[in-house]
Structures are given as C-alpha cells and as structure tokens.
Amino acid sequence: MFGLRAFALTTFLSTPALACDLALALAVDVSGSVDSQEYRIQMDGLAHALRDPIISEALVRGQAQLMLIQWTGSSRQQVTIPWTTIDSFDAIDRFADAVAADKRVWRNFSTAIGEALATTMDRFDEVASCKRHLIDLSGDGMSNEGIEPTSLRADLAARNITVNAIAIEQSEPDLTAYFFENVIMGDGAFVVTAGGFDDYPERIRKKLLREVTEQTAAAQ
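Computed from a predicted model, the values in this text were never measured in an experiment.

Engineer: Tell me what's going on with helix 7 (residues 175-182), and back it up with residues and numbers.
Structural biologist: Those residues of helix 7 that sit buried are Leu 175, Thr 176, Tyr 178, Phe 179 and Asn 182. Each buried residue of helix 7 lies within a common arc of 160 degrees when the element is viewed along its axis, so the set occupies one face. The outward face of helix 7, more than 90 degrees from its buried face, is lined by the exposed residues Phe 180 and Glu 181. Residues of helix 7 that are buried in the fold lie against helix 5 (113-122), strand 4 (132-139), helix 6 (153-158), strand 5 (161-168) and strand 6 (191-194).

Engineer: Summarise the pairing of strand 5; cite the residues concerned and give the values.
Structural biologist: Of all eight residues making up strand 5, eight are buried, and the element is well covered by its neighbours. Neither face of strand 5 is left uncovered, since the one carrying Ile 161, Val 163, Ala 165 and Ala 167 and the one carrying Thr 162, Asn 164, Ile 166 and Ile 168 both have all their residues buried. Relative to strand 5, strand 4 runs parallel, the two being bridged by seven bridges. Looking at strand 5, one finds that His 133 is bridged to Ile 161. The parallel pair strand 4 and strand 5 is bridged by helix 6, and the resulting crossover is right-handed. Alignment of strand 5 against strand 6, held across four bridges, turns out to be parallel. Counted as the bridge partner of Ala 165 is Val 191 from strand 6. With helix 7 bridging strand 5 and its parallel neighbour strand 6, the resulting β-α-β unit is right-handed.

Engineer: Describe in detail the pairing of strand 4, supporting the description with residues and values.
Structural biologist: Residues in a regular strand project their side chains so that they alternate between the two faces of the sheet. A large share of strand 4 lies buried, amounting to eight of its eight residues. Neither face of strand 4 is left uncovered, since the one carrying Arg 132, Leu 134, Asp 136 and Ser 138 and the one carrying His 133, Ile 135, Leu 137 and Gly 139 both have all their residues buried. Relative to strand 4, strand 1 (residues 22-29) runs parallel, the two sharing six bridges. Among the inter-strand pairings, Ala 23 is bridged to a residue of strand 4, identified as His 133.

Engineer: Summarise the packing of helix 2 (residues 36-50) against helix 4 (residues 89-101); cite the residues concerned and give the values.
Structural biologist: At their nearest, the axes of helix 2 and helix 4 sit 8 Å apart, and the two run at 175 degrees to each other. As summarised for this structure, helix 2 and helix 4 are arranged roughly antiparallel, according to the angle between their axes. Residues Arg 40, Met 43, Asp 44, Leu 46, Ala 47 and Leu 50 of helix 2 lie in contact with helix 4, whose contacting residues are Ile 92, Phe 95, Ala 96, Val 99 and Ala 100. Considered class by class, the residues forming the contact of helix 2 with helix 4 number nine nonpolar, no polar and two charged.

Parameters at a glance
Residues numbered from 1 in each chain as written. Predicted model: local features only at pLDDT ≥ 70, side-chain atom pairs only at ≥ 80, totals over all residues. Heavy atoms only, no water. Buried < 20%, exposed > 50% of the residue type's maximum accessible area, 1.4 Å probe, protein only. Helix = DSSP H or I, 4+ residues; strand = E, 2+ residues; numbered from the N terminus. Arc of directions from axis to C-beta. Contact = heavy atoms within 4.5 Å. Pairing = 2+ DSSP bridges. Right-handed = clockwise from strand over helix to strand, strands pointing away. Axes fitted to C-alpha atoms, helices over the stretch in contact; angles between N-to-C directions. Parallel < 35°, antiparallel > 145°, perpendicular 65-115°, else oblique. Nonpolar A, V, L, I, M, F, W, Y, C, P; charged D, E, K, R; others polar.

Distances and angles like these do not, on their own, reveal function.
Structure, rendered in structure tokens:
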C-alpha cells in the first residue's frame with residue numbers, strides 16, 4: 001500500500017493542480033431491512049474502498065468533495081459527514097476513518113428513495129464549483145414511502161446531477177431492474193448489483209473505481 005501511494009503521490013505532484021472535478025455524495029441505506037451487521041458491512045466496506053490506492057489517488061488528484069448521508073423513511077435523511085475536501089491522502093484517510101466510525105442514526109423505518117435523493121440534491125448548492133455532481137446511492141429495497149424517485153428527474157437534470165446506484169439483492173432479486181428504471185439518472189448512469197451484503201465491499205470498490213477513474217480521465 002505504501003509503495004503504491006508513494007507512486008501516486010509522485011504522479012500527483014507532477015500533474016498541474018486541478019479545481020474540484022467531482023462532488024460525490026455517498027447515500028447509505030439504513031432502513032429497517034438493514035440489520036446491525038449489514039450496516040457494519042456497508043460502512044466498513046465503503047471505508048475500505050475509499051482507501052484503495054487507485055481510488056484514493058484519483059480523488060486526491062481531482063480535489064474531490066465527499067459527503068456521507070444516511071437515509072431511510074420519509075423525513076429521515078441526515079448528512080452525517082458534511083462535504084469534505086479531499087486534497088491529500090491524509091484527508092481521504094480521515095474521511096474513511098469517519099465513515100467506519102459513523103454511528104447509525106435510525107432503525108426500523110421504511111424506504112424513501114425519492115426523499116433521500118431530494119435531500120442529497122439540495123446539498124450540491126454548497127459545491128457548485130465542482131465540475132461533476134454525483135449521488136452514489138446504495139439500497140436493498142424498492143421505495144415504499146414518500147415521493148417517487150422518478151419525479152425528481154427534471155430537477156436533477158437541471159442541476160446536472162447524476163445518480164448511480166448499487167442494488168443489494170439480499171431479499172429482492174429484481175432490485176437491479178427497479179433501480180435501472182426508477183433510480184439512476186443522468187448521462188452514463190449505471191447500476192451495480194451485489195447479490196447480498198457479503199458482496200457489497202467488493203462491488204462498492206469496483207463501482208467507485210469506475211466512477212472516479214472515468215472522471216479523472218475525462219478531466220485530463
């Protein structure tokens with residue numbers, strides 16, 4: 001890990017400084033269908049993925065802004081880690097540590113994907129200068145409360161916000177198709193499937209790798 005990061009740092013220092021390329025909001029499902037062990041798998045898996053040498057190097061080089069939001073039923077969405085500038089490997093390590101330590105805010109509530117997207121969307125005004133705005137939503141169920149996710153398409157498009165998703169098909173085998181039709185939005189938006197929570201760490205790593213490296217390449 002040290003050798004890879006040392007190489008990445010050399011590359012970063014030899015590249016002209018960039019303005020913020022990517023504002024990435026990580027929206028984590030904490031609805032009632034997610035038990036305490038599954039919550040821990042999500043947070044630890046996400047923290048580990050952020051420390052991946054390629055992902056962390058791309059985030060640092062792109063001067064990314066990261067935010068974490070926990071979401072569940074109607075009126076229950078909360079930013080638990082506000083927008084954080086990723087301008088060094090120390091910064092990404094601190095953010096990953098905060099993700100791993102983030103305490104669960106709610107339990108035993110419904111799944112309001114539309115409201116999760118609406119709440120997250122409004123926070124992008126704080127990082128308007130970033131070139132790309134992306135919501136990375138994880139979930140293990142279909143929206144069953146609150147506004148419909150599809151009702152936000154126009155607003156998200158007007159703000160140039162893309163929504164990608166990871167469908168955790170622990171108990172809903174058709175969740176990927178539902179996310180494809182109702183949740184993801186924007187040019188190049190995609191869904192990644194995890195067969196269950198045990199698959200989440202590797203799938204979220206691959207998803208972040210795709211998102212951050214594509215953006216870095218596009219910015220060059």
